[in-house]
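Per-entry structural report
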Amino acid sequence: MKATMERFDAIVLGAGAAGLMCAMTAAQRGRRVLLLERANQVGKKILISGGGRCNFTNLDVRPERFLSGNPHFCKSALSRYRQQDFIALVEQHGIAYHEKTLGQLFCDGSARQIVDLLLAGCAKGGVTLRLNQDVQEISKPDDFHVVVNGSLAAAPALVVATGGPSIPKMGATGFAYRLAEQFGVSLVPPRPALVPLTVESAGIGLEDPGSLAGLSLDCVARFGKAKFREAMLFTHRGLSGPAILQISSYWQPGNEIHLDLLPDIDAAAYLKARKQERPKSEARSVLSEIFPNRLAQTIALRHLPEGSLANLPDRSLESLGARLKNWPVQPTGSEGYAKAEVTAGGIDCRELSSKTFETRKVPGLYFIGEALDVTGWLGGYNFQWAWSSAWCCGQAL
Ligand code: FDA
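Residues numbered from 1 in each chain as written. Predicted model: local features only at pLDDT ≥ 70, side-chain atom pairs only at ≥ 80, totals over all residues. Heavy atoms only, no water.

1. Some words on the packing of aromatic side chains
Defined as follows: Pairing of aromatic rings covers Phe, Tyr and the six-membered ring of Trp, with a centre-to-centre limit of 6.5 Å; geometry is then stacked below 30 degrees between planes, edge-to-face above 60, and tilted otherwise. Here a strand is any run of E in DSSP of at least two residues, a helix any run of H or I of at least four, and the numbering for each starts at the N terminus. Here's how the labels work: a residue is buried when its accessible area is under 20% of the maximum for its type, exposed when over 50%, partly exposed in between, all with a 1.4 Å probe on protein chains only.
This structure, assessed with the given rule, holds 14 aromatic pairs. Ring plane angle 70 degrees and centroid distance 5.9 Å describe the contact between Phe144 and Phe183, whose orientation is recorded as edge-to-face. Of the two residues, Phe144 is situated in strand β10 (residues 144–148) and Phe183 in the loop between α6 (175–182) and β13 (187–193); the sequence distance between them amounts to 39 residues. You'll find Phe144 and Phe183 in the same group, each marked buried. Within the aromatic cluster, the residues linked to one another by ring pairs are Phe66, Phe73, Phe228, Tyr250, Phe357, Trp377, Tyr381 and Trp385.

Written as structure tokens, this is what we have:
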């Protein structure tokens, strides 16, 4: 290679949440850091997150709220760089924020403030940041050599912070996985997570779930031991809303999820009490007192014989009541990476130090953020993972 070689202490690939945080942390410790971003701007996912207000962390971060083939892996980083540390940084920068629900913290203003905070931190440390960088080749003759836009940069440390393949429309790719493969680092098979599920009428036991599109209701969604009480939403293709996104991360294709559609009500007792009080009422009008009208009609049509409550035997009401509390849904699949907020699976954590994020096989090679097999719940957990993993890595460079 004839081009002159620039030398750094560390090269960080990807200027998203994790890459910016890592570069800023290492640079403020005096390291010469080159941060390379393929897109024409940094932190695109931060900018669109939380409806433009960035749900940047959660007050109640706990290791149990992260999925991983190695559930202990996240503990060290989450305890060394905690949500309180990021909140302190946000406060130092005078960014106003609020708790929306379930401990989720959002900017009062705009997600841009979080990106600006990180950029200011990088500038303070003297990070060399380059946009529109197309990495062509990476090798490790001794240090890492990165050929990018026709020039060559070298460093003893290479940090891969290029995220996962969710939302390819925003430029997301499996770059981290290809690099892992190149260096013999193993992967847990990646899959879309925090993603809407697709369901057909037979799979939900309702005539035409598409006709319910737009309806939302409070529910408890369950799969195995995981359960979430939040809103769910009917879509043209199936189910979405926070409860469904959360359970999608746990769902295994081919299996049912279960929904409690009346979390605060003993449904069978409720229906039988209405029968006592108002025997002449139609079942669907009673159901429409506890469900949106369209849903009440669809449930009555599909799951109860026609007629007034007086004509319905208690056992029909009991069986509908039991179903409403434990409604089985057989998803056909998910809406895939195109709609997945995050990617579960990824670089196998057993290959890395949980303290430094350096791979055991290749000294000097680090992976952080969403590229790893660590996936948080919805609600600020994934950004906290990006901050925590990146900060710990930045301390080690
Ligand atoms: P991230 O994807 O942020 O960054 C990777 C960077 O690497 C990108 O800038 C990319 O362009 C760059 N890159 C890729 N390939 C490259 C290459 N070959 N060379 C150089 N650069 C390359 N989480 C949360 O906690 N709260 C929230 O409110 C939301 N909201 C939300 C909304 C939406 C619509 C999505 C899609 C996701 C969220 N998330 C979220 C999840 C959160 O955005 C995600 O977990 C983090 O952005 C992951 O941070 P990383 O830095 O690991 O990857």
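Okay, back to it.
2. A short note on the sheet that holds strand β7 (residues 104–107)
Stated formally: Whether two strands pair depends on DSSP finding at least two bridges between them. Axis angles are defined between N-to-C directions and span 0 to 180 degrees, where every axis is a line fitted to C-alpha atoms and, for a helix, only to the segment in contact. We call two residues contacting when some pair of their heavy atoms lies within 4.5 Å.
Here three strands make up an open sheet; going across it, the order is β4-β7-β6 and the pairing antiparallel. At either margin of the open sheet sits one strand with a lone partner, and together these are β4 (55–58) and β6 (97–99). Across this sheet, the average inter-strand angle for adjacent strands is 30 degrees, counted without regard to direction. Two strands pair when backbone bridges link them, and β4 and β7 are joined in this way by three bridges, in the antiparallel orientation. Considered in β7, the bridge of Asn55 is made with Phe106. Along the sheet, helix α4 (residues 83–92) makes contact with β4, β6 and β7, crossing β4 at roughly 140 degrees.

3. Some thoughts on the sheet that holds strand β22 (residues 365–367)
Pairing in this open sheet of five strands is parallel, and the strands run β8-β3-β2-β12-β22 from one edge to the other. Each edge of the sheet is formed by a strand with only one pairing partner; in this case those strands are β8 (128–130) and β22. If you compare each strand with its neighbour and ignore which way they point, the axes differ by 15 degrees on average. Seen against the sheet, helix α1 (residues 17–28) touches β2 (10–13), β3 (33–36) and β12 (157–160) and runs at an angle of roughly 170 degrees to β3.

4. With respect to the UniProt feature "domain: RsdA/BaiN/AoA(So)-like insert" (unreviewed entry) in the chain
Our working definition: UniProt positions are given in the numbering used here, feature names are shortened, and annotations may be inferred rather than shown by experiment.
Feature annotation in UniProt places "domain: RsdA/BaiN/AoA(So)-like insert" (unreviewed entry) on residues 191–342, given in this structure's numbering. Structurally, residues 191–342 comprises 33% helix and 23% strand, and the distance from its first C-alpha atom to its last is 9 Å.

5. Points about the domain arrangement of the chain
Condition: How far each domain reaches was decided by an automatic or database domain assignment. When two components associate, each loses some accessible surface as probed by a 1.4 Å sphere; the sum of these losses over both components is called the buried area. The working definition used for a salt bridge is a side-chain nitrogen of Lys or Arg within 4 Å of a carboxyl oxygen of Asp or Glu. Pairs of N or O atoms are called polar contacts if they sit within 3.5 Å, as long as, within protein, a hydrogen donor faces a hydrogen acceptor (for residues adjacent in sequence, only side-chain-to-side-chain pairs). Gly falls in the polar group here, along with every residue not listed as nonpolar (Ala, Val, Leu, Ile, Met, Phe, Trp, Tyr, Cys, Pro) or charged (Asp, Glu, Lys, Arg).
When its domains are assigned, the chain resolves into domain 1 (6–191 + 343–396) and domain 2 (196–335). Here the C-alpha centroids of domain 1 and domain 2 sit 40 Å apart. Contacts between the two partners involve six residues from domain 1, matched on the other side by seven residues from domain 2. Interface of domain 1 and domain 2: buried area, both sides summed, is about 640 Å²; carbon and sulfur atoms make up 56% of it. When residues of domain 1 are sorted by the area they lose upon contact with domain 2, Leu67, Trp377 and Leu378 head the list and together hold 66% of the total. Summed over the shared surface of domain 1 and domain 2, the number is zero salt bridges. Taken together, the connections running from domain 1 to domain 2 amount to three residue pairs in polar contact (both at pLDDT 80 or more). Residues belonging to the side of domain 1 that touches domain 2 are distributed by class as follows: four nonpolar, no polar and two charged.

6. Topic: the packing of α1 against helix α5 (residues 112–125)
Note the following rule: Angles are sorted into four bins: roughly parallel if under 35 degrees, roughly antiparallel if over 145, roughly perpendicular if 65 to 115, and oblique for all others. Helix crossings fall into two classes, left-handed where the near helix is turned counterclockwise from the far one by less than a right angle and right-handed where it is turned clockwise.
Closest axis-to-axis distance for the α1/α5 pair is 8 Å, and the angle between their directions is 30 degrees. The angle between α1 and α5 falls in the class roughly parallel. Between α1 and α5 lies a crossing whose hand is left-handed. Mapping the contact onto sequence places Leu20, Met21, Ala23, Met24, Ala27 and Gln28 in α1 and Leu118, Leu119, Gly121, Cys122, Lys124 and Gly125 in α5.

7. Description of the UniProt feature "domain: RsdA/BaiN/AoA(So)-like Rossmann fold-like" (unreviewed entry) in the chain
UniProt's feature table lists "domain: RsdA/BaiN/AoA(So)-like Rossmann fold-like" (unreviewed entry) at residues 9–395, given in the numbering used throughout. With 32% helix and 24% strand, the stretch residues 9–395 has end C-alpha atoms that lie 13 Å from each other.

8. Quick notes on helix α3 (residues 73–80)
The condition is simple: This arc corresponds to the set of directions leading from the helix axis out to the C-beta atoms.
Phe73, Cys74, Ala77 and Leu78 are the residues of α3 that are buried. Taken end-on, α3 shows its buried residues confined to a sector of 100 degrees, consistent with a single buried face. Against the buried residues of α3 lie β5 (66–67) and α13 (381–396).

9. Focus: the pattern of salt bridges
Should the charged atoms of two oppositely charged side chains come close, the side chains can pair. What the rule picks out here adds up to 18 salt bridges. The salt bridge partner of Arg112 is Asp116, with a shortest N-O separation of 3.5 Å. Of this pair, Arg112 and Asp116 both sit in helix α5, separated by four residues, roughly a single helical turn. Given a relative accessible area of 36%, Arg112 falls into the partly exposed group. Shared partners join several salt bridges into a network, and the residues in it are Asp60, Arg62 and Arg65.

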